[in-house]
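So the chains spell out like this:
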Amino acid sequence: MKSKWIKLVTVTFTAILAAPTLMGAVTFHNIVRIYDDSEDSEMVLSQSSDPLVILEEAGITLGEHDVYEFTQTRDRTYTLEIERAFDVAFVCGGVRQTVPMLEGQTVADLLAKAGAVVGEEDILNLPLDTVVTPETQVQLQRVTYETEVVSETIPYETIEQHTPLLKNGRTRQMSAGSDGSKTTTTVKKYIDGVYQETVSEEVVVTKEPVSEVVLYGDSAATVSTLEAPAGLQLDANGNPVNYVKKITGKGTAYSARDGAKTASGRYAIPGHVAVNPNVIPYGSKLYIKSADGSFVYGYAVAADTGIALMDGRVTVDLFFDTYLESVLFGAKTMEIYVLE
């Protein structure tokens, strides 16, 4: 027996001499045997040698995708084999359909009939050379990627710089802030339109934020950014307990561009101050505060000089980060404690 899904129809034509009958003069030229999904045959007598006409006379209908083979076996004897198509389930990209197939055809044939091209990363559940049957289910999962680009604002930060230059709690903006921006590019993987995973995520800062700097009045704060020696001790009035000498005189303030250097070769930063090196040698460790105790510059190092310092008009010139701070300081009577 052939497969129940493939019907073989054999039509055999045998020549018969024309013979008159009592009922009339009907002449049969062929005898037809029909096989349809069985080894058993059905015989049909027909005057036609056209297989389609013979099938119509036999009451046999061909499906849209059925095929047949017409063969002559001997004089006026023919065989006609019809192969019946069967449906195979095919799911592509989550959409289910059926594809008519014939015996011996493969998954590759099914894909060709369905017009489905397998992408490089698509997932096919069966090898291409698998022979399909009515029970076969072919699944082709589509793998796609989605790129999402999102632009976001990076809020600027506010840096609060405590200073004794302002009354407690008062604030003064030194520099305005501005927001930055960044772009996040995300690549996501989908199978049949269903999210699976995030493949990559790249963040690119397209504009750096600029911090806002605000001066905040704090009488307990110091200006110098230098770390004081561990042995530095202050008494109840905020004066150093141990020091080599104390000098009282006029204190002024100045600032400079970023990266500037002092006369001694050190960088100009808060804590490096200008003096007369003949009075206070470069490198001397100092502690500086106002005579009335209202302002504390803090631990400092003698690192710079200037004309007013050399001619005695100014005793110490204090370095500040910004011009605004130097203006706010103005001029004060200062106490310079030479620690060593």
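Since the structure is predicted, the reported quantities are computational estimates derived from the model, not experimental observations.

Caption draft 1: Structural view of the packing of aromatic side chains. Per the counting criterion, the structure on display carries seven aromatic pairs. With a centroid separation of 5.9 Å and 70° between ring planes, the pair formed by Tyr190 and Tyr195 is classed as edge-to-face. Note on Tyr195: relative accessible area 41%, which makes it partly exposed. These aromatic residues form a ring-pair network of at least three members: Phe295, Tyr297, Phe320 and Phe329. One residue, Lys261, lies across the ring of Tyr267, its end atom 5.0 Å from the ring centre. If you follow Lys332 out to its NZ or CZ, it ends over the ring of Phe329, 4.3 Å from the centre.

Caption draft 2: Up close: the sheet that holds strand β5 (residues 86-92). Judged by pairing direction, the sheet is mixed, and its four strands sit side by side in the order β6-β5-β8-β7 without closing on themselves. Looking along the sheet, the strands with just one partner apiece sit at the ends: β6 (95-101) and β7 (123-124). As defined by bridge partners, β5 adjoins strand β8 (residues 137-141) across four bridges and the pair is classed as parallel. Counted as the bridge partner of Phe90 is Val138 from β8. This element, helix α2 (residues 107-114), spans β5, β6, β7 and β8 of the sheet and lies at about 110° to β6.

Caption draft 3: Quick look at unusual backbone geometry. The backbone phi angle of Arg76 is positive, close to 60°, even though this residue is not glycine. Within the secondary structure layout, Arg76 lies in the loop between β3 (67-74) and β4 (77-83). Although it is not a glycine, Asp192 sits at a positive phi angle of roughly 55°. One can find Asp192 in the loop between β12 (180-191) and β13 (194-207).

Caption draft 4: Examining the environment of Lys182 more closely. With respect to the helices and strands, Lys182 occurs in strand β12. Separated by 141 residues in sequence, Lys182 and Tyr323 have C-alpha atoms that sit 32 Å apart. Not counting residues within four places of it along the chain, the set of residues in contact with Lys182 comprises Val150, Ser151, Glu152, Ile154, Val203, Val204, Val205 and Thr206.

Parameters at a glance
- Starting afresh in each chain, residues are numbered from 1 along the sequence in its written order.
- Selection of residues for local features in this predicted model requires a pLDDT of at least 70, selection of side-chain atom pairs for listing and counting requires 80 or more, and totals for whole chains, interfaces and linings are taken over all residues.
- In computing side-chain values, all of the structure's heavy atoms are included and hydrogens and water are not.
- Pairing of aromatic rings covers Phe, Tyr and the six-membered ring of Trp, with a centre-to-centre limit of 6.5 Å; geometry is then stacked below 30 degrees between planes, edge-to-face above 60, and tilted otherwise.
- Accessible area is worked out with a 1.4 Å probe on protein chains only. A residue is then buried under 20% of its type maximum, exposed over 50%, and partly exposed in between.
- Throughout this description, the term charge over a ring refers to an Arg CZ or Lys NZ atom that lies within 6 Å of the ring centre and within 35 degrees of the ring normal.
- Strands are labelled as partners when DSSP assigns at least two bridges between them.
- Note on conventions: DSSP H or I runs of at least 4 residues are helices, E runs of at least 2 residues are strands, and numbering of each starts at the N terminus.
- When checking whether two residues touch, look at their non-hydrogen atoms; a contact exists if any pair is within 4.5 Å.
- Axis definition: a line fitted to C-alpha atoms, limited for helices to the stretch in contact. Angles are taken between N-to-C directions and run from 0 to 180 degrees.

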